[in-house]
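Given next are the chains, with one letter for each unit.
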Amino acid sequence: MKICVFGAGAIGGLMAARLANAEIEAQVSVVARGPHLAAIRDNGLWLISEEFGDQVAQVEATDDPAELGPQDYLVLTLKAHSVPPIAEKLKPLVGPETCVVTGMNGVPYWYFHGLGPEWEGRRVEAVDPGGVVSAALPPEKALGCVVYPAAEVEKPGLVRHISGDRFTLGEPDGSKSERAQRFSEALRKAGFKAPVRPRIRDEIWVKLWGNMAFNPLSALTHETLDHLATRPELRRIARAMMLEGQAVGEALGARFPIDVDKRIDGAAAVGAHKTSMLQDLERGRPMEIDALVTAVVELGRAVNIEMPMTETILALVQARARVAGLYPG
Ligand SMILES: NC(=O)C1=CN([C@@H]2O[C@H](COP(=O)(O)OP(=O)(O)OC[C@H]3O[C@@H](n4cnc5c(N)ncnc54)[C@H](OP(=O)(O)O)[C@@H]3O)[C@@H](O)[C@H]2O)C=CC1
Ligand SMILES: CC(C)(CO)C(=O)C(=O)O
């Protein structure tokens, strides 16, 4: 089996290193760039992990997907906003049997696929502008993936795994497909938990619920998760956003297995953690605003649900990011 991890940064690097070192019959390659690519080529892909042990994986690494050819599994672990500009570049990796695993936060580009006949063919413009992504990666090829581990690229060629070992998988139409089970098996052999769930959007929403509120609020205030979730005036804003998100998710058929306050308390328990959006802002890296917030507002419009708090915070965080030169427009 051929597995290509496109965007072998923190999460992709973790996945690729473990898959490459697992006892599976797979040819694992990565698409990377810059100094990270050079270091992987020179010294292998290093993974530092208390849970998995420190290790190096020898993987084929390139910045030119055409060198790798069609894959059985194309795993996308880029930041969501990095996908549309390179959609065309993905085409050589995609053949008739390729399964595209979307290991990214936010609303996936395939959200409407398999949701029901009334939604078929509709796309999420915020993550699939002009349909460039679905043209390169037809939604029927997509396999959903909710990423729970935390990791970071510590220096070029070296990924540090911080915590977590679960990648939940699920077909957009809820079926227990052979391709999903095969990839789940590969991830399990690589040491991860990789359940295949029939209602993957429910899990996407539980993660997105936190991201849509805490990430922009943290970028605006520079506050850590514990404060955002416990200072009454900030918690009130996050809660209002999350209730708007829940209304949208439910209107689209998702079920939220926990209540909003438990979800916020869960975020508080993470502690003095800076969200990825705040980290990106501080490091001068583009922020994942569109997949985490703009796309949710777009879904809200599709089901005619007003989202005044989310729209306000979205406008502010877009402005903040623009001023920092980290958001287009
Ligand atoms: N890190 C974490 O702990 C978690 C991340 N996530 C989600 O996982 C997804 C991936 O995040 P993360 O791993 O942190 O991101 P990273 O930025 O660490 O990894 C993405 C990688 O893709 C590379 N890349 C971007 N464009 C290209 C290109 N055109 N060609 C080759 N390589 C490219 C980046 O290179 P460069 O650095 O040069 O831009 C980077 O190495 C996101 O959606 C994130 O929200 C979810 C849970 C936890
Ligand atoms: C920590 C958490 C849950 C914040 O919403 C996150 O996923 C992120 O920072 O992107």
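Computed from a prediction, not measured in an experiment: that's the story for all the values here.

Visitor: Give me the sheet that holds strand E4 (residues 55-57): which residues, what numbers.
Guide: In space, the four strands of this open sheet follow the order E4-E3-E10-E9, with mixed pairing throughout. The outermost strands of the open sheet, each flanked by one partner alone, are E4 and strand E9 (150-155). Here the strands of the sheet are splayed against their neighbours by 30 degrees on average, with no regard to which way each runs. Together, strand E3 (45-48), E4, E9 and strand E10 (158-163) form the strand contacts of helix H1 (residues 10-21), whose direction differs from that of E4 by roughly 85 degrees. Helix H2 (residues 34-43) contacts E3, E4, E9 and E10 of the sheet and is inclined by roughly 95 degrees relative to E3.

Visitor: Account for the site of ligand 1, naming residues and giving values.
Guide: Taken together, 22 residues surround ligand 1, and among them Ala10, Ile11, Arg33, Ala151 and Glu288 come closest. Contact distances for ligand 1 include 2.9 Å between an oxygen atom and a backbone N or O atom of alanine 10. Here an oxygen atom of ligand 1 and a side-chain polar atom of glutamate 288 are 2.6 Å apart. When ligand 1 is considered free in solution it has 890 Å² of accessible area, and contact with the protein chains removes 83% of it. Going through the elements one at a time, H1 and E9 are the ones with two or more residues in the shell around ligand 1. Residue composition of the shell around ligand 1, grouped by class: twelve nonpolar, five polar and five charged. A domain-level breakdown of the shell around ligand 1 finds at least three residues from each of domain 1 (2-198) and domain 2 (201-323).

Visitor: How would you summarise the pairing of E9 if you had to cite specific residues and measurements?
Guide: In this sheet, E10 lies alongside E9 in antiparallel orientation, the contact comprising five bridges. Residue pairing across strands places glutamate 152 opposite arginine 160, the latter belonging to E10. With antiparallel pairing between neighbouring strands as the criterion, E9 and E10 make up a hairpin whose turn holds two residues, including glycine 157 at a positive phi of roughly 85 degrees.

Visitor: Requested: an account of the packing of aromatic side chains, with residues and values cited.
Guide: All told, the structure shown has seven aromatic pairs when counted by the stated rule. Taken together, a centroid distance of 6.0 Å and an interplanar angle of 90 degrees make the contact between tyrosine 111 and phenylalanine 112 edge-to-face. Phenylalanine 112 sits in the buried class, given a relative accessible area of 2%. Consider the rings of phenylalanine 112 and tryptophan 119, whose centres lie 5.2 Å apart with planes at 20 degrees: the pair is stacked. Three or more aromatic residues joined by ring pairs make a cluster, and in this case those are Phe52, Phe167 and Phe192. Directly above the aromatic system of phenylalanine 112 lies the positively charged group of arginine 122, at a separation of 5.6 Å from the ring centroid.

Visitor: Before we move on, can you summarise the UniProt feature "domain: Ketopantoate reductase C-terminal" (unreviewed entry) in the protein with the specific residues and values?
Guide: Within this numbering scheme, the UniProt entry marks residues 200-320 as carrying the feature "domain: Ketopantoate reductase C-terminal" (unreviewed entry). Across residues 200-320, the secondary structure splits into 78% helix and 0% strand, with the terminal C-alpha atoms separated by 32 Å.

Visitor: Residue-level account of the domain arrangement of the protein, with values.
Guide: According to the domain assignment, the protein consists of domain 1 (2-198) and domain 2 (201-323). Relative to domain 2, the C-alpha centre of domain 1 lies at a distance of 24 Å. With 27 residues of domain 1 at the interface, the matching set in domain 2 holds 22 residues. Carbon and sulfur atoms make up 57% of the area that domain 1 and domain 2 hide from each other, which totals about 2,200 Å². Ranking the residues of domain 1 by area buried against domain 2 places His81, Asn105 and Tyr111 at the top, with a combined share of 27%.

Thresholds, definitions, all that
- Residues numbered from 1 in each chain as written.
- Chains lettered and ligands numbered in written order.
- Predicted model: local features only at pLDDT ≥ 70, side-chain atom pairs only at ≥ 80, totals over all residues.
- Heavy atoms only, no water.
- Pairing = 2+ DSSP bridges.
- Helix = DSSP H or I, 4+ residues; strand = E, 2+ residues; numbered from the N terminus.
- Axes fitted to C-alpha atoms, helices over the stretch in contact; angles between N-to-C directions.
- Contact = heavy atoms within 4.5 Å.
- Near = heavy atom within 4 Å.
- Polar contact = N/O pair within 3.5 Å; in protein donor to acceptor, adjacent residues only side chain to side chain.
- Areas by Shrake-Rupley, 256 points an atom, 1.4 Å probe, with all protein chains shown as cover.
- Nonpolar A, V, L, I, M, F, W, Y, C, P; charged D, E, K, R; others polar.
- Domains from an automatic or database assignment.
- Phe/Tyr/Trp six-rings, centres within 6.5 Å; stacked < 30°, edge-to-face > 60°.
- Buried < 20%, exposed > 50% of the residue type's maximum accessible area, 1.4 Å probe, protein only.
- Lys NZ or Arg CZ within 6 Å of the ring centre and 35° of its normal.
- UniProt positions renumbered as here; feature names shortened; annotations may be inferred.
- Buried area = accessible area lost by both parts, 1.4 Å probe.

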